[in-house]
Structures are given as C-alpha cells and as structure tokens.
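Given next are the chains, with one letter for each unit.
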Amino acid sequence: FQLKGAQDADSGRFSVQQYKLSQNDHFRLEVKDRGKDGKIPILTVQKSLDRETAGSHSLVLTALDGGKPPKSGEMNILVNVLDINDNAPVFSKDVYSVLLQENAPVGTTVIQVNATDADEGANGEVVYSFSNSMNQNVLDLFEINELTGEITIKGPIDYEENDRYEVEVEASDKGFVPLKTERSVMIEITDVNDNAPEIEVTSFSSLIPEDSRPGTTVAHVSVNDLDSGLNGKVICTIDVDSPFALSPSLKDKMYSLVTKSPLDREQTDKYDLTITAKDAGQPSLSSERTITVVVSDVNDNSPEFSLSPYTFYISEANQPGTSVFAVKAFDRDENDNARVSYHILRDGSPENKLTSFLNINSETGDILALKSFDFETVKTFQFQVVASDSGSPSLSSNVTVKVFILDQNDNAPVILYPVSSNGSAEGLEEIPRNVNAGHLVTKVRAYDADIGYNGWLLFALQEVSDHSLFGLDRYTGQIRTLRSFTETDEAEHKLVILVKDNGNVSLSATATVLVKLVEPKEA
C-alpha cells in the first residue's frame, strides 16, 4: 500500500531522508526514492492477516530528515482488516443428546442446537437444516427452525416403533461460497405405558372330560406387552372361583391353563373363563380374554329313581294287559350315558313268583299286569325293578316296588246256616207252641270273603207269613218270637231272610227258614 510521503521545507540533506514503522508482526515498510519527488513509503503485508484475531492494526510511521540531530514527524496509520468467508460455523457442543418421551405432542421442542460463525456480516450469519442424507422417515417426525436451530416434533413418536433416532443437523453461513458444518443429535425415546398387554391362546381344548385329573392342560396362554421395563412387565391371572389355574411356564410370559380341582359336569357343564393380563406401569394397563370351556360327560352317575321304595295300590279284578303303574328313573349324565332302560328282576325266588304276571316297558317304565289280581288270594307282594343307562360300561340301580291289592265287592254273601242236604239255603226249625215272646228260633249265619264294608253283612226279613210272630236282628241274624202263640196261629210259617253286604253296589243272598209249631212234650 503506497503511503503519502512526508513534506520537509528544508532541502538537500536536511529534507526527508528515511522512514521508520512502529514495531508489529504483520507489516513492513519499503521506501522508494523518486528523485525530485522524494522518498515514498510503501506499506507491505509480511504476514497473513486474520480479522477474527485482530480486526484492525494501529501503526506509527515516522519520517526523519538528515540534520544533526535529525528532526522527525509522525503519522498514525489505522489498518482495518476486511472479512472474507474463511470460517465455517462452529457448534456449541461436539455431541448433542436428549431424552424424549414417546407420544409427546406435535410442536414439542426436542432440543435447540447452536452454532456460531467467527466471520461477520453474511459470512457470519448461520442457518440450520437437516442433512440431505437423512431418512425420510425421520424427516416425517422432526423439523428444525432454520433461524433458531430449534428441533420440534411434527409426527407421532412411538417407542415401540423406534427407541432411538440420530438426526444430522447442518449449520451453514450465508457467504458467497457458504461454509457448512454437521453435528449429530442423538434422540433417545423413553417409554410411556401406552400399550395394553396382548393375550394369545393356543393349543386350546374347548371340550374337556369331567373325569380329567387336576393338572390337565386345557390351553397355552402367552402374553406380550410392547412397552419396556415395568411398563412391559405383565402379571396374568384368572377367575379364582373356577376349578382352573394358570401355571407359569419356563418361558417368560408363557402360561399353561390347567385344571386345579376335579370337574363335575352335572354340577357345572360350562365355564366362561376370563384371563386378565395387567402390566406394572403407572397407571397400569390391562386386557382381558374370555374363553369357554365345555365339560364333556362321562358315565359317572347311576340312574336315580324318583321314589324308593315305590308303593302302589291296585284294585283287584283289574283288566289284564293294561298299565297298572309306572316307575321313573333319571340319570344326571347326558346322551347315551343318560338313556335309561328298565327291566324287572326275575330271580326265581318264591317271593318273586308273581313277577311272571308282570311286564315292563323298557323305555317308559310302565308296568303292565298280564292277569287280574284277586284280593282274596293275594293281598300284597313286592318285586325289584332295575334301571340301567346306556353308557359304557353301563351303570344301574334297583328299586323295590311294593304292591297292595285293594278289595272290590266281588263276592256275594255265602249262607252258612241253614243249609239243606242238597246244598240250598233252607232249613226246618221246630219249636213248642207254648214258648214265650223272645224265644230264639234260630240264627242265620253268613260269610262274605270281602273285607270292610264289602264284607259287612246285614240281615232283613224279605218274606214272612205273620209279621206279628217273628222278628230278625239285622246285625246278628237271630230270629226270635215276638209274642206267644195262640190256638188260631198256623202250625207252619215260612221266613225268607235277605243277607246283603254294604258295598257300593251291594251283593246279597237269601235263606229260607220253615218254622213248625209242635205240641210241647209232657213232663
């Protein structure tokens, strides 16, 4: 840089003879002699300048003449160093890292990066952007403010999809030829308990026999929680009031659904089991899965009769071949195990001899009498009926059937006295003519094989020649005189006595008594 030379009014050797530059590291002074025009100082850069180190340099230029002693003059020189874009932006940290909670809302600030540029003006203005090498998936989730370097969320953050992102941030100045610097921002996603456990049931046997032993496996249950740590730690439970339990497997989060106590289909034939999986997050999340286990039947129940013993009453003289009574048994099993058939136990014993006159419908239990029963011959008997199911092996049970024959008025009175030699109910009674009133002439005796009212007999005079002479006791059958006989009374009298029972439809018989009056024997 050519400087303006100093002026000295003297001439010759007393004019300006030399220049001196103050001590510095970057500049040196050269002097050109231009003859009449004098000596011209030239300022030369001898060491590279750095504006960022020193933006200006203050120098002192001294001009000396040739006198003794020399006279001098000084000039202050201020050198301002102009900027060039020789500095790239510098980030405030070598590594940026931040923890970000999943599900953070869109617009949430993740981190703010900062870079400075030692240059000035446009060369020192920094703008921020993401590197062109970044994956589009990341660009869909984050955005950066080009002026502030603030990184914010613009898409859903899901820990279960990705728990870590590396974002490349680029800081660039605005120089004519921009200079750039890149830094990685490590974003660690922290888990939030936003996933309920998932339950999967495999190897499921929906039908299980009721005689299954405790510990029988019904299904395999696996649970999974996409969260991590306590949020992903799952406890699996099942209804405590059911005969089933969850047995942990050797594998984590695996269980076996097993029976824990005996099953009884007749008590409960189906179970709706609710499996609950609950994680240890705060707040906890849970899910449920309901499965239906049907208990299948085994033949473990014998038929049960509705009564034991059975007692039936049958009127005698029943019509042969008709149903007289029925037994009924119920089996608490199902299908073939509950299909009951009946038969009469015939063992040939004397007390069972009447079973030959009975038949039973094997399907309905209706019992038919093959003959009429006679109360006067058999009043009661009993036998055994066997009910068997159709299971394999078959189960059976017995019941005693007690039968009482009810009397019917099927027997007419039989005259026992009087009876003649030819078998007819006739008799001759001789009495002295001089008997007094109340004399017992005779007693009509009769018998009825029926019982009760059917066998209770009453006597009545059906025919009598003289009502004033004879009387009949209706209950005893005794015939007595009502008065003494006179000379005018007939010597023979015919009495017809009616004997009848007290059945609803009364049956009767008659006896004839001939009374003959004879002269009294002399003493």
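Small disclaimer: the values here were computed from a predicted structure and weren't measured.

Novice: Help me understand the sheet that holds strand E4 (residues 56–65), please; the structure alone is not making it clear to me.
Specialist: What links the strands of a sheet is backbone hydrogen bonding, and the strands pair in either a parallel or an antiparallel sense. Strands sit in the order E1-E4-E5 across an open sheet of 3 strands; the sheet is antiparallel. Every interior strand has two partners, whereas the edge strands, strand E1 (16–21) and strand E5 (72–80), have only one. Neighbour to neighbour, the strand axes of the sheet diverge by 20° on average, direction disregarded. Pairing analysis gives 5 bridges linking E1 to E4, with the strands arranged antiparallel. Opposite glutamine 18, over in E4, you have leucine 64 as the bridge partner.

Novice: How should the pairing of strand E30 (residues 380–388) be read in this particular structure?
Specialist: Every other side chain in a regular strand lies on the same face of the sheet, so the side chains alternate between the two faces. As paired elements, strand E27 (residues 341–344) and E30 share 4 bridges and run antiparallel to each other. Paired with tyrosine 342 across the strands is alanine 387, a residue of E30.

Novice: How should I be thinking about the side chain of serine 131 in this particular structure?
Specialist: With respect to the helices, strands and loops of the structure, serine 131 is situated in the loop between strand E10 (126–130) and helix H1 (136–139). For serine 131, a relative accessible area of 6% gives the class buried. Looking at serine 131, its side chain comes within polar contact range of the side chain of serine 133, at 2.9 Å. Engagement of the side chain of serine 131 in a polar contact is seen with the side chain of glutamate 182, the distance being 3.4 Å. Not counting residues within four places of it along the chain, the set of residues in contact with serine 131 comprises Glu168 and Glu182.

Novice: Please clarify how the environment of glutamate 304 should be interpreted in this entry.
Specialist: By secondary structure assignment, the location of glutamate 304 is in strand E23 (residues 304–305). What makes glutamate 304 partly exposed here is its relative accessible area of 41%. Separated by 142 residues in sequence, glutamate 304 and asparagine 162 place their C-alpha atoms 67 Å apart. When sequence neighbours within four positions are dropped, the list of residues in contact with glutamate 304 reads Lys328, Ala329, Phe330, Arg332 and Ser397.

Novice: What should I look at first to understand the UniProt feature "domain: Cadherin" (unreviewed entry) in the chain in this one?
Specialist: When the UniProt feature table is mapped onto this chain numbering, "domain: Cadherin" (unreviewed entry) sits at residues 6–91, 92–199, 200–305, 306–415 and 430–519. A distance of 50 Å separates the end C-alpha atoms of residues 6–91, which is 0% helix and 48% strand. Taken end to end, residues 92–199 is 4% helix and 44% strand, and its first and last C-alpha atoms sit 49 Å apart.

Novice: Is there a simple way to explain the sheet that holds E27 in this structure?
Specialist: Read across the sheet, 4 strands follow the order E24-E31-E30-E27 without closing on themselves; strand pairing throughout is mixed. Each edge of the sheet is formed by a strand with only one pairing partner; in this case those strands are strand E24 (310–315) and E27. On average, each strand axis in the sheet is tilted by 30° relative to the strand beside it, whichever way the strands run.

Novice: Just to check I follow, could you spell out the domain arrangement of the chain for this structure?
Specialist: Accessible area lost upon the coming together of the parts serves often as the stated size of an interface. One can read the domain layout of the chain as domain 1 (12–80), domain 2 (90–190), domain 3 (198–296), domain 4 (304–406) and domain 5 (414–518). Domain 1 and domain 3 are separated by 98 Å when their C-alpha centres are compared.

Novice: Would you take a moment to explain the environment of glutamate 426 for this structure?
Specialist: Examined against the element boundaries, glutamate 426 turns out to sit in strand E33 (residues 426–432). With 345 residues separating them along the chain, glutamate 426 and valine 81 place their C-alpha atoms 177 Å apart. Residue contacts for glutamate 426: discarding those within four places in its chain leaves Pro418, Val419, Ser420 and Thr512.

Novice: I keep staring at a nonpolar patch on the surface and nothing clicks. Help me out?
Specialist: On the surface, a nonpolar cluster with roughly 380 Å² of combined accessible area is contributed by Val414, Leu416, Tyr417 and Tyr447. Secondary-structure assignment places leucine 416 in strand E32 (residues 414–417). When its relative accessible area of 47% is taken as the criterion, leucine 416 is described as partly exposed.

Novice: Help me understand the pairing of strand E18 (residues 234–238) in this model?
Specialist: Alternating positions in E18 separate cleanly, Val234, Cys236 and Ile238 being buried on one face and Ile235 and Thr237 remaining unburied on the opposite face. As paired elements, E18 and strand E21 (residues 270–279) share 5 bridges and run antiparallel to each other. Each bridged residue has a counterpart across the sheet, and for isoleucine 235 the counterpart in E21 is lysine 278.

Novice: For this particular structure, what's the right way to read the packing of aromatic side chains?
Specialist: Centre distance and the angle of the planes are the two values used to describe a pair of aromatic rings. Tallied over the entire structure, the rule returns 12 aromatic pairs. Each ring, one from phenylalanine 91 and one from tyrosine 96, has its centre 6.2 Å from the other, and the planes form 75°; the classification is edge-to-face. The burial state of phenylalanine 91 is the same as that of tyrosine 96; both residues are buried. When the centroid spacing of 6.2 Å and the interplanar angle of 25° are considered together, the rings of phenylalanine 381 and phenylalanine 383 count as stacked. Of the two residues examined, phenylalanine 381 and phenylalanine 383, each falls in the buried class. Every member of this aromatic cluster is reached through a ring pair, and the members are Phe305, Tyr310, Phe312, Phe325, Phe373, Phe381 and Phe383. One cation-aromatic arrangement involves lysine 371 over phenylalanine 357; the distance from NZ or CZ to the ring centre is 4.6 Å. Of note, lysine 379 hangs over the ring of phenylalanine 375, and the distance from its end group to the ring centre comes to 4.6 Å.

Calculation criteria
Residues numbered from 1 in each chain as written. Predicted model: local features only at pLDDT ≥ 70, side-chain atom pairs only at ≥ 80, totals over all residues. Heavy atoms only, no water. Pairing = 2+ DSSP bridges. Helix = DSSP H or I, 4+ residues; strand = E, 2+ residues; numbered from the N terminus. Axes fitted to C-alpha atoms, helices over the stretch in contact; angles between N-to-C directions. Buried < 20%, exposed > 50% of the residue type's maximum accessible area, 1.4 Å probe, protein only. Polar contact = N/O pair within 3.5 Å; in protein donor to acceptor, adjacent residues only side chain to side chain. Contact = heavy atoms within 4.5 Å. UniProt positions renumbered as here; feature names shortened; annotations may be inferred. Domains from an automatic or database assignment. Patch = residues over 30% accessible without salt bridge, like charges linked within 9 Å, V, L, I, M, F, W, Y side chains within 5 Å. Areas by Shrake-Rupley, 256 points an atom, 1.4 Å probe, with all protein chains shown as cover. Salt bridge = Lys/Arg side-chain N within 4 Å of Asp/Glu carboxyl O. Phe/Tyr/Trp six-rings, centres within 6.5 Å; stacked < 30°, edge-to-face > 60°. Lys NZ or Arg CZ within 6 Å of the ring centre and 35° of its normal.

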